[in-house]
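# Notes for the structure review
Take a look at the letters that make up each chain.
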Amino acid sequence: MCLAIPHRIVAITDERTCRARAGTAEVLVRTDLLSSVQIGDSILVHAGFAIEKLQEEDGRELESLWEEIRALEATLSPEPVSDFTDISPGMSDGSERMNHA
Amino acid sequence: MPERTVPFFGGLVSRPTTLMEVCGTHTVSIFRNGIRSLLPKELTLLSGPGCPVCVTDQSEIDAALSLASLSGVTVTTFGDLLRVPGRDGSLLDARGRGADVRIVTSASQALETALREPEQQVVFLAPGFETTAPSTAAVVLEAAEKKATNFSVLSLHKLVPPVLRVLAADPELAVDGLLLPGHVSVILGEAPYSFLPERYGIACVIAGFEAEEILFGLTELLRQIHTNRPTVRSLYGKAVRPGGNVRARELMERVFLPVDAPWRGLGVIPSSGLALRKEFRPWDATQRFPLPTIPAQEETGCRCGDILTGKLTPPECPLFDNPCTPASPVGPCMVSSEGSCAAHYRYALRGTP
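What you see is a predicted model; the values in this text were computed from it and never measured. (Residues numbered from 1 in each chain as written. Chains lettered and ligands numbered in written order. Predicted model: local features only at pLDDT ≥ 70, side-chain atom pairs only at ≥ 80, totals over all residues. Heavy atoms only, no water.)

### Remarks on the overall build of chain B
Worth spelling out the cut-off: A run of H or I in DSSP becomes a helix once it reaches four residues, and a run of E becomes a strand once it reaches two; helices and strands are each numbered from the N terminus. Between the two quantities, the radius of gyration covers C-alpha atoms and the globule rule is 2.2 Å times the number of residues to the power 0.38. Think of it in three bands: residues with accessible area under 20% of the maximum for their type are buried, residues over 50% are exposed, and the middle band is partly exposed, with areas taken using a 1.4 Å probe on protein chains only. Values of accessible area rely on a 1.4 Å probe in the Shrake-Rupley scheme; residue burial ignores everything except the protein chains shown. For the purpose of charge, His is not counted, nor are the chain termini; Lys and Arg are scored as positive and Asp and Glu as negative. By convention, the charge on Lys lies at NZ, on Arg at CZ, on Asp at CG and on Glu at CD.
Each helix and strand in chain B was counted, giving 15 helices and eleven strands. Compactness check: chain B gives a C-alpha radius of gyration of 20 Å against a globular reference of 20 Å for 353 residues, within 12% of the reference. In terms of overall dimensions, chain B has a C-alpha envelope of 65 × 45 × 35 Å along the principal axes. Out of the 353 residues in chain B, the part that is buried amounts to 62%. A total of about 13,500 Å² of accessible surface is found on chain B, and carbon and sulfur atoms cover 50% of it. Mean positive and mean negative side-chain charge positions of chain B (33 and 36 charges, respectively) differ by 3 Å.

Shown next as structure tokens:
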């Protein structure tokens, strides 16, 4: 129920409403929950209300976390080939279950 | 998002580990994207109490039904809530019997209905967590400003941190990590969850809803657990500010007061609901209309409480698939498309996880 869809503001209608677009759909959105909005802002819309302005993700932080995770994984699995032997039995288990179902 | 999106779970899971996704939107995305099929067998993924429709108590539906039976009253609410069974059927059944029950997609539509039809008493039945409560608050403030005397709100709003506290303290439920609800966190930020790692040692990640965001979130949970350094980490920075949406919280706090609230299958949880403050009594449906006192729960055999806390999986409920199905639900977890029973029924009934 907490579904929220990104929209782009195309017009400011009054002090608490804007028109915003997602794909080809254009809707009226309430902006009461944001301190300021302007045309072009990307907003997250839930049940007719903008709940936050979206901002560009800081890719560097996520990238460094991936590096950390990969480094950790490298210490756990010295032989990369074993990754596949670990994973593939699980997959064949899954497909057997599907066949039996 | 980096291209390495399917992580190597196997190496990070060194002992049996239990994670829980709190939010129903995560539950559906996990099923739809086949993420369960990627999990090693030592890793258990449970669905939590994060579907507001599913945790709406039968007594709350009964109160809504009693409002809908009053002459001159129009009940407005989100579509999901219409099919949740109360003691005497659902709001949809009541509509079939002639009650004026209407679906809205926003709290503001409910107020617009009241302004357009001044001869009707329009009640907005307001479910939802912190994501939704600020919009109800904004509409109550607007109703007060416009002196709309024929509009009121029956608040079913519930708060996420108090129910997580109940889960964390439950000795039967040893959860190692929580995938926290992304859009509740847009409002709350990170701080309200800090008791989970600090007091209970539970790893926490705020994540988005795309498959790769969920996989990344699960991997980060496993990293925290493996390194034994639980914390609250947001990987949904495009939408979640560390401090949340302060303005939305201010509106919510201006209009509502935390109160003890009943959760379906979980009982009353202290300070886990929101009631309108005294100054907004004219817009509080519980003050304007005579409502039944909370009756004893009808015994349906539904195991919602155990399912919402991850103690049982949906197929373990004796009613699952017979007689409880999405077409004829016994409990709300089967009603809402984001309920864990409905998700299991739709995506995993035939044995494919």
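Now that the structure has been shown, we can carry on.
### Quick look at the interface of chain B and chain A
Convention followed: The contact rule is simple, with two residues in contact once any of their heavy atoms fall within 4.5 Å. Between Lys or Arg on one side and Asp or Glu on the other, a salt bridge is scored when a side-chain nitrogen of the former is within 4 Å of a carboxyl oxygen of the latter. Here a polar contact is taken to be a pair of N or O atoms separated by no more than 3.5 Å, where protein atoms must pair a possible hydrogen donor with a possible acceptor and residues adjacent in sequence count only if both atoms sit in side chains. When residues are grouped by polarity, Ala, Val, Leu, Ile, Met, Phe, Trp, Tyr, Cys and Pro land in nonpolar, Asp, Glu, Lys and Arg in charged, and all others, Gly among them, in polar.
At the interface, 54 residues of chain B touch 40 residues of chain A. Here chain B is connected to chain A by five salt bridges. Notably, a salt bridge pairs A:Arg30 with B:Glu142, separated by 2.7 Å at the nearest N-O pair. Linking chain B to chain A there are 13 residue pairs in polar contact (both at pLDDT 80 or more). Sorting the residues of the side of chain B that touches chain A by element identifies α1 (9–12), α5 (107–116), α6 (133–145), α8 (182–188), α10 (211–226) and α11 (246–255) of chain B as the ones contributing at least two each. The greatest single-element share of the side of chain B that touches chain A, amounting to six residues, is contributed by α6(B). Split into classes, the residues belonging to the side of chain B that touches chain A amount to 24 nonpolar, 18 polar and twelve charged.

### Re the nonpolar core
Residues and elements named next belong to chain B. Worth spelling out the cut-off: Residues belong to one nonpolar core when they are buried, are Ala, Val, Leu, Ile, Met, Phe, Trp, Tyr or Cys, and are joined through side-chain atoms within 4.5 Å.
Of all hydrophobic cores here, the largest spans 107 residues; its most connected members are Phe124, Phe151, Leu164, Leu178, Leu180, Tyr193 and Leu196. Per element, the largest residue contribution to this core is seven residues, and it comes from α6. Ignoring sequence-local partners within four residues, the contact set of Leu196 consists of Leu164, Ala168, Leu178, Leu180, Gly201, Ile202 and Cys204. Judged by nonpolar contacts, the second largest core, of 26 residues, contains Leu43, Leu179, Leu222 and Leu235.

### Re the domain arrangement of chain B
Residues and elements named next belong to chain B. Where we set the bar: Boundary definitions for the domains trace back to an automatic or database domain assignment. Summed over both partners, the accessible area lost on bringing two parts together, with a 1.4 Å probe, is the buried area.
Looking at the assigned domains, one finds that chain B contains domain 1 (9–53 + 162–234), domain 2 (58–159 + 244–288) and domain 3 (305–348). Here the C-alpha centroids of domain 1 and domain 2 sit 30 Å apart. Each partner contributes residues to the interface: domain 1 has 15 residues there, and domain 2 has 19 residues. Counting the surface domain 1 buries against domain 2, the share from its top three residues, Val53, Pro162 and Ile187, is 44%. Linking domain 1 to domain 2 there are zero salt bridges. For the pair domain 1 and domain 2, the interface holds four residue pairs in polar contact (both at pLDDT 80 or more). Mapped by element, the contributors of at least two residues to the side of domain 1 that touches domain 2 are β2 (43–50), α7 (160–169) and α8. A per-element tally of the side of domain 1 that touches domain 2 places α8 first, with six residues. Classifying every residue of the side of domain 1 that touches domain 2 gives eleven nonpolar, four polar and no charged.

### Some details on the pairing of strand β8 (residues 203–206) of chain B
Residues and elements named next belong to chain B. Operational definition: Two strands qualify as a pair provided that DSSP identifies no fewer than 2 bridges between them. Looking down the strands as they point away from you, a crossover is right-handed if its path from the first strand over the helix to the second goes clockwise.
Burial along β8 is two-sided: the face carrying Ala203 and Val205 and the face carrying Cys204 and Ile206 are both buried. Both strand β7 (residues 177–180) and β8 contribute to a ladder of four bridges, which runs parallel. Pairing of Leu180 across the sheet is with Ile206, part of β8. Across three bridges, the pairing between β8 and strand β9 (residues 232–234) is parallel. Opposite Ile206, over in β9, you have Ser234 as the bridge partner. Each parallel crossover has a hand, and the one from β8 via α10 to β9 is left-handed.

### Quick look at the sheet that holds β8(B)
Residues and elements named next belong to chain B. The line we're drawing: Angles run from 0 to 180 degrees between N-to-C directions of axes, and those axes are lines fitted to C-alpha atoms, restricted for helices to the stretch in contact.
An order of β2-β1-β7-β8-β9 is seen for the five strands of this open sheet, with the pairing classed as parallel. The sheet terminates laterally at β2 and β9, the two strands that pair on one side only. Averaged over all pairs of adjacent strands, the angle between strand axes in this sheet comes to 20°, irrespective of strand direction.

### A short note on the packing of α6(B) against α11(B)
Residues and elements named next belong to chain B. Test applied: Here the angle decides the label: under 35 degrees means roughly parallel, over 145 means roughly antiparallel, 65 to 115 means roughly perpendicular, and every other value means oblique. By convention the crossing between two helices is left-handed if the near helix lies anticlockwise of the far one by an angle smaller than a right angle, and right-handed if it lies clockwise.
One way to put it is that α6 packs onto α11 with a least axis distance of 8 Å and a crossing angle of 60°. Taken together, α6 and α11 sit at an angle that is classed as oblique. In this structure, α6 meets α11 at a crossing whose hand is left-handed. Residues Ala133, Pro134, Ala137, Ala138, Val140 and Leu141 of α6 form the contact with α11, whose participating residues are Ala248, Leu251, Met252, Arg254 and Val255. Classifying every residue of the contact of α6 with α11 gives ten nonpolar, no polar and one charged.

### Here we look at the environment of A:Arg21
All names here are of chain A. For Arg21, the position within the fold is in strand β2 (residues 17–22). Note on Arg21: relative accessible area 41%, which makes it partly exposed. Residues Arg21 and Ile43 lie 22 residues apart in sequence; the distance between their C-alpha atoms is 9.8 Å. Side chain to side chain, Arg21 and Glu26 meet in a polar contact 2.7 Å long.

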